[in-house]
Amino acid sequence: MSIIPSIFGGRRTNVFDPFSLDVWDPFEGFLSQANAEANKDVAAFTNAKVDWRETPEAHVFKADLPGLKKEEVKVEVEDGNILQISGERSSENEEKSDKWHRVERSSGKFMRRFRLPENAKVEEVKASMENGVLSVTVPKVPEKKPEVKSIDISG
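Residues numbered from 1 in each chain as written. Predicted model: local features only at pLDDT ≥ 70, side-chain atom pairs only at ≥ 80, totals over all residues. Heavy atoms only, no water.

Looking at an unreviewed UniProt entry, one finds the protein named 17.4 kDa class I heat shock protein-like and attributed to Camelina sativa. Within the UniProt record for the protein, the comment given under Sequence similarities (unreviewed entry) is "Belongs to the small heat shock protein (HSP20) family." (UniProt positions renumbered as here; feature names shortened; annotations may be inferred.)

Here's what the structure looks like:
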């Protein structure tokens, strides 16, 4: 078990990953207890789980966003190389007559950002959503193969 999540506020990010932009904020929840509680309510959904795999043709991101519609999610590319996935899950309407026994599903805004490598074709990004799973495909620039020229040996 790693000690890093307990030092960095319980986040499950990889601090050694140069592509991750999840940064530990030492002042998070510092102003008031109420603010800290609000941050805690959103924190579970803020850190939406995302898988990133690289194939020979593309970088593929898959994000678990259960209960969200595609209209509630935005996929953007900022500054030419930052992939940003964001959105908002609305909270349940609370009726005066309702008695809540447990509230575990989080609501609120979320955002994940990833620095794309230089070989990403950001102008050809495609996204789709099916059964609460967002798939974002970022094609890669084909690797240039070195041109080999044969030289005749005289003599």
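**Q** What exactly am I supposed to notice about the packing of aromatic side chains here?
**A** For any pair of aromatic rings, geometry is given as the distance between the ring centres together with the angle between the planes. As enumerated under the stated definition, the model contains 3 aromatic pairs in all. When the centroid spacing of 6.0 Å and the interplanar angle of 75° are considered together, the rings of Trp-52 and Phe-114 count as edge-to-face. Of the two residues, Trp-52 is situated in strand β1 (residues 50-54) and Phe-114 in strand β5 (residues 108-115); the sequence distance between them amounts to 62 residues. Looking at Trp-52, the relative accessible area reads 27%, which means it is partly exposed. By relative accessible area, which is 6% here, Phe-114 ends up buried. In this structure an aromatic cluster arises from ring pairing among Trp-52, Phe-61 and Phe-114. (Phe/Tyr/Trp six-rings, centres within 6.5 Å; stacked < 30°, edge-to-face > 60°. Helix = DSSP H or I, 4+ residues; strand = E, 2+ residues; numbered from the N terminus. Buried < 20%, exposed > 50% of the residue type's maximum accessible area, 1.4 Å probe, protein only.)

**Q** What is the right way to look at the confidence of the model for the protein in this model?
**A** The predicted structure's coordinates, where accompanied by low pLDDT, should not be read in detail. Chain-level statistics for the protein give a pLDDT mean of 78 and a share of 70% at 70 or above. When the elements of the protein are averaged for pLDDT, helix α1 (residues 4-7) gives the smallest value, 46, and strand β7 (residues 133-139) the largest, 97. The low-confidence segment residues 1-12 (pLDDT under 50) makes 15 contacts with residues lying over four places distant or belonging to another chain. Across residues 40-45 the pLDDT falls below 50, and counting only partners more than four positions away or on other chains, this stretch makes 10 contacts in the model. (pLDDT = per-residue confidence, 0-100. Contact = heavy atoms within 4.5 Å.)

**Q** For this particular structure, what's the right way to read the sheet that holds strand β6 (residues 126-130)?
**A** By definition, the strands of a sheet pair up through backbone hydrogen bonds, in either a parallel or an antiparallel sense. One open sheet accounts for 4 strands, arranged β1-β2-β7-β6; its pairing is antiparallel. Either end of the sheet is taken by a strand with one partner, and the two such strands are β1 and β6. Averaged over all pairs of adjacent strands, the angle between their axes in this sheet comes to 15°, without regard to strand direction. (Pairing = 2+ DSSP bridges. Axes fitted to C-alpha atoms, helices over the stretch in contact; angles between N-to-C directions.)

**Q** Even after reading the chapter, I still don't get the nonpolar core, so can you show me in this structure?
**A** Grouped burial of nonpolar side chains is what soluble globular proteins tend to show. One finds Phe-61, Leu-65, Ile-85, Leu-134 and Val-136 to be the most contacted residues of the largest nonpolar core, which totals 16 residues. Elements represented by at least two residues in this core include exactly β2 (58-64), β4 (82-89), β5 and β7. Top element by residues in this core is β7. It accounts for 3 residues. The residues contacting Leu-65, other than those within four sequence positions of it, are Ala-48, Val-73, Arg-89, Phe-110, Met-129, Gly-132 and Leu-134. (Core = buried A, V, L, I, M, F, W, Y, C linked by side-chain atoms within 4.5 Å.)

**Q** Is there a simple way to think about the environment of Lys-121 in this case?
**A** Mapped onto the secondary structure, Lys-121 falls in the loop between β5 and β6. Along the sequence, Lys-121 and Val-141 sit 20 residues apart, while their C-alpha atoms lie 6.0 Å from each other. The residues contacting Lys-121, other than those within four sequence positions of it, are Val-138, Pro-139, Lys-140, Val-141 and Pro-142.

**Q** How do you make sense of unusual backbone geometry when you look at a structure like this?
**A** Leaving glycine out, the prevailing phi sign among residues is negative, and the prevailing peptide bond configuration is trans. Here Asp-79, not a glycine, exhibits a phi torsion of approximately 50°, which is positive. By the secondary structure assignment, Asp-79 is in the loop between β3 (73-78) and β4. Given a relative accessible area of 70%, Asp-79 falls into the exposed group. Residues other than glycine seldom take positive phi values, yet Asn-131 does so here, at roughly 55°. Structurally, the position occupied by Asn-131 is in the loop between β6 and β7.

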